[in-house]
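Structure at a glance
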Amino acid sequence: MLQEALREINRGSAEIIDNERIEKLLKAYFEEGKTYTVKAGFDPTAPDLHLGHTVLLQKLATFQKYGGRVQFLIGDFTASIGDPTGKNITRKILSKEDIKKNISSYTTQAFKILDESKTDIVYNNDWLAPLGSIGMLELASNLTVARMLERDDFSKRYAAQTPIALSEFMYPLLQGYDSVHLKSDIELGGTDQKFNLLMGRQLQKAYDVKKQQAVLMMPILEGLDGIQKMSKSLNNYIGVTDEPNDMFGKVLSISDELMWRFYELLSTKSLEEIAKIKSAVEDGSLHPKKVKEDLAIEITCRFHNEELANNAKVEFDKIHAKSQIPTEIDEFSCDSEIWIAQALVDCNIEPSTSQARRDIKQGAVKIDQEKISDIQLQLSAGEYILQVGKRKFAKLKVN
RNA sequence: GGUGGGAUAGUCAAGUGGCCAACGACGGCAGACUGUAAAUCUGCUCCCUAUGGGUUCAGAGGUUCGACUCCUCUUCCCACCA
C-alpha cells in the first residue's frame, strides 16, 4: 500500500528533494492517520489554466488521496511585484476586483481535479503585507547577490542583456517565506521553480521552523509543438476551458512521440496499462490514431463530459476525414449585396481584405463547398456557407 | 554622475542617402499529401474594391529633389567607469 502510494507520487516527477521525508510523512499517515501539508503556489494573473498547470494539480490530487492537505496558495502579493518579463512592458497592477475574479475562475477550474474538502486556499498578501519594510529587509539579508546571479534564468538574462528589475530578486525570497509562514511539509512546483522551492527550505531553516519542506518538481509539459513548454503566450496550449471540439482536435494534433509524454503526465491510466498500449502499437496490433483518440477523449471527458467528448470525435471525423461542414456555425447577416472579401472580414474568418484576397488567389476560400477564384465576386441575396481553409466557417445571410 | 553602444514588422535580426513595404530565420496562414490541426514539400505573410493608392523602421523637429540610413533634442535599454 505504502509502496504503491510512493510509486504513484513518483510517477512523472522530474526531481524529488528529501524523498525520505515524503516516505516518513506517508508512513505516518498509513500507520497513524496523520495528515500533512502540501503547498503549491499559483499566480492570479493568468486565469486560464491549461494542461501544463493540471500536471501539477493532478499530482496534488494524488497527495490528497494519501493524507495530504493542499495549501493552495494564491500569490496575490507576489503578483503585484511579480516578474516583469523583459522589455519595456510596464506591468499593470491588478486591482482587488480583478484578482478576485481571476481567483474564482481559477479555483472552479482547479476543483475539477482537486478535492475541495482537502484544500485550503490561502493568500500570501495576508502575511506578506504585514511583514513591513523591516521584515522585508531582514528577509533580504538571507541571500547574497552572487547566489542570486547563480540562478540560471537570471544569469541567462544578464548575459543576454535583458533588464532585470531589482524587485525580481525579492520574488524567490517572498515565495520562500510563504513556506515559513505556512510551515509546509512538502512543496510542489515545476522544474523551473527549483531555485524558489529550495529557497523555502533555506528560509525554513533560517527562521527556525523546525522542519524543512520536501520538494517535488514536475517536468514542464511541452506544448502542441512538442518542443517549447506549453504556455498561453506561445499559443501552443490546451486550455481547460477550451470547447470540447477544440480540446479534442488539439490533442489529436500532437505528434505520436509527444502522445506518450501526455499519457505519462496527464492520463489516469496506470503505468502498466500505458506500457501495454505502447507495445501493442509497436507490434502493429493497435493503430496510433486510435490510441491518440482515446487520450483525446479521456482528457475532453475530464473537463467536460462523456457525451460532449464523443460528439467532439464525431464532429472531428466529419470535418477532417469526410471534409464536411460542422454542425454548428456562427451566423451573420448583412443588408445588401456584399463583396466577398469584405464578407469574409465581417464574418471574422479573415483579418483583412488583403489577406482575404490572398487566400482567394490560393484557392483557400470556398462558398457552399465550392472553391472560388474570383476576387471581385459579389454576393447577392441568399444564404451562403463561407469557408477559409479547413477550419474556419461562417454562415452568411444576405438580404 | 561620466563615457561608449543600442531601439527596425508577432519575435529574433539584416539593411549606413534613391534599386526599401524593407534580406533572412522563427512563428502564423493557406495549398498538396496523410490516420491527424503531426511530419514533409510549395506558396503567402502592413493596410486599402488594388497592374494603382496610403501608412511604417522608438518619439519630436531639421538637412535634402529624396531619409530606416545624415544632424539636433527627447524617451527607454545595455556595457564600462564612479
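So, here's what we can say about the structure. Because the structure is a prediction, the values reported are computed rather than measured.

1. As for a nonpolar patch on the surface
- A cluster of nonpolar side chains, Val-145, Leu-149 and Tyr-158, forms an exposed patch at the surface whose accessible area comes to about 310 Å².
- By the element assignment, Leu-149 lies in helix H8 (residues 145-150).

2. Remarks on the packing of helix H13 (residues 256-266) against helix H14 (residues 271-282)
- In contact at an axis separation of 11 Å, H13 and H14 are set at 165° when each is read in the N-to-C sense. Our classification of the angle between H13 and H14 gives roughly antiparallel. Considering how the two elements wind past one another, H13 and H14 form a crossing that is right-handed. For the pair H13 and H14, contact is made by Trp-260, Tyr-263 and Glu-264 and by Ile-274, Ile-277, Lys-278 and Val-281, respectively.
- For the contact of H13 with H14, the class distribution of residues is five nonpolar, no polar and two charged.

3. A look at the nonpolar core
- Counting 63 residues, the largest nonpolar core has Leu-57, Leu-60, Phe-63, Phe-72, Ile-186, Leu-188 and Phe-262 as its most contacted members.
- Here this core spans two domains, and each of domain 1 (2-218) and domain 2 (244-321) adds at least three residues to it.
- Setting aside chain neighbours within four positions, we find Leu-188 in contact with Val-38, Lys-39, Ala-40, Leu-56, Lys-59, Leu-60, Phe-63, Leu-197 and Leu-216.

4. Things to note about the state of the cysteines
- According to the stated counting rule, one finds zero disulfides in the structure shown.
- Here Cys-334 is not cross-linked by a disulfide; its sulfur's nearest cysteine counterpart is in Cys-347, at 7.9 Å.
- With relative accessibility at 14%, the residue Cys-334 sits in the buried group.

5. Observations regarding helix H15 (residues 288-303)
- The terminal C-alpha atoms of H15, which comprises 16 residues, lie 23 Å apart, in line with the 22 Å expected from a rise of 1.5 Å per residue.
- Three or more residues of H15 are buried, namely Val-291, Lys-292, Glu-293, Leu-295, Ala-296, Ile-297, Glu-298, Ile-299, Thr-300, Arg-302 and Phe-303.
- Buried residues in H15 make contact with helix H3 (51-65), helix H12 (244-253), H13, H14 and helix H16 (306-321).

6. Re the packing of aromatic side chains
- The tally for this structure, following the rule as stated, stands at nine aromatic pairs.
- Summarising the aromatic geometry, the rings of Phe-42 and Phe-72 are spaced 4.3 Å apart at their centres and angled 15° between planes, so their arrangement reads as stacked. Separated by 30 residues along the polypeptide, Phe-42 in strand S2 (residues 36-42) and Phe-72 in strand S3 (residues 68-74) bring together distant segments of the chain. The same class applies to Phe-42 as to Phe-72, namely buried.

7. Things to note about the sheet that holds S3
- In spatial order, the strands read S1-S6-S5-S2-S3-S4; together these six strands make up an open sheet with mixed pairing. Two strands bound the open sheet, and with one partner strand each, they are strand S1 (15-17) and strand S4 (119-123). Neighbour-to-neighbour, the strand axes of this sheet turn through a mean angle of 20°, independent of strand direction.
- Direction of pairing for S3 relative to S4: parallel, over a ladder of five bridges. Across the sheet, residue Gln-71 finds its bridge partner in S4, namely Asp-120.

What counts, and where the lines are drawn
- Residues numbered from 1 in each chain as written.
- Chains lettered and ligands numbered in written order.
- Predicted model: local features only at pLDDT ≥ 70, side-chain atom pairs only at ≥ 80, totals over all residues.
- Heavy atoms only, no water.
- Patch = residues over 30% accessible without salt bridge, like charges linked within 9 Å, V, L, I, M, F, W, Y side chains within 5 Å.
- Areas by Shrake-Rupley, 256 points an atom, 1.4 Å probe, with all protein chains shown as cover.
- Salt bridge = Lys/Arg side-chain N within 4 Å of Asp/Glu carboxyl O.
- Helix = DSSP H or I, 4+ residues; strand = E, 2+ residues; numbered from the N terminus.
- Axes fitted to C-alpha atoms, helices over the stretch in contact; angles between N-to-C directions.
- Parallel < 35°, antiparallel > 145°, perpendicular 65-115°, else oblique.
- Left-handed = near helix turned anticlockwise from the far one by under 90°.
- Contact = heavy atoms within 4.5 Å.
- Nonpolar A, V, L, I, M, F, W, Y, C, P; charged D, E, K, R; others polar.
- Core = buried A, V, L, I, M, F, W, Y, C linked by side-chain atoms within 4.5 Å.
- Buried < 20%, exposed > 50% of the residue type's maximum accessible area, 1.4 Å probe, protein only.
- Domains from an automatic or database assignment.
- Disulfide = S-S within 2.5 Å.
- Expected span 1.5 Å × (residues − 1).
- Phe/Tyr/Trp six-rings, centres within 6.5 Å; stacked < 30°, edge-to-face > 60°.
- Pairing = 2+ DSSP bridges.

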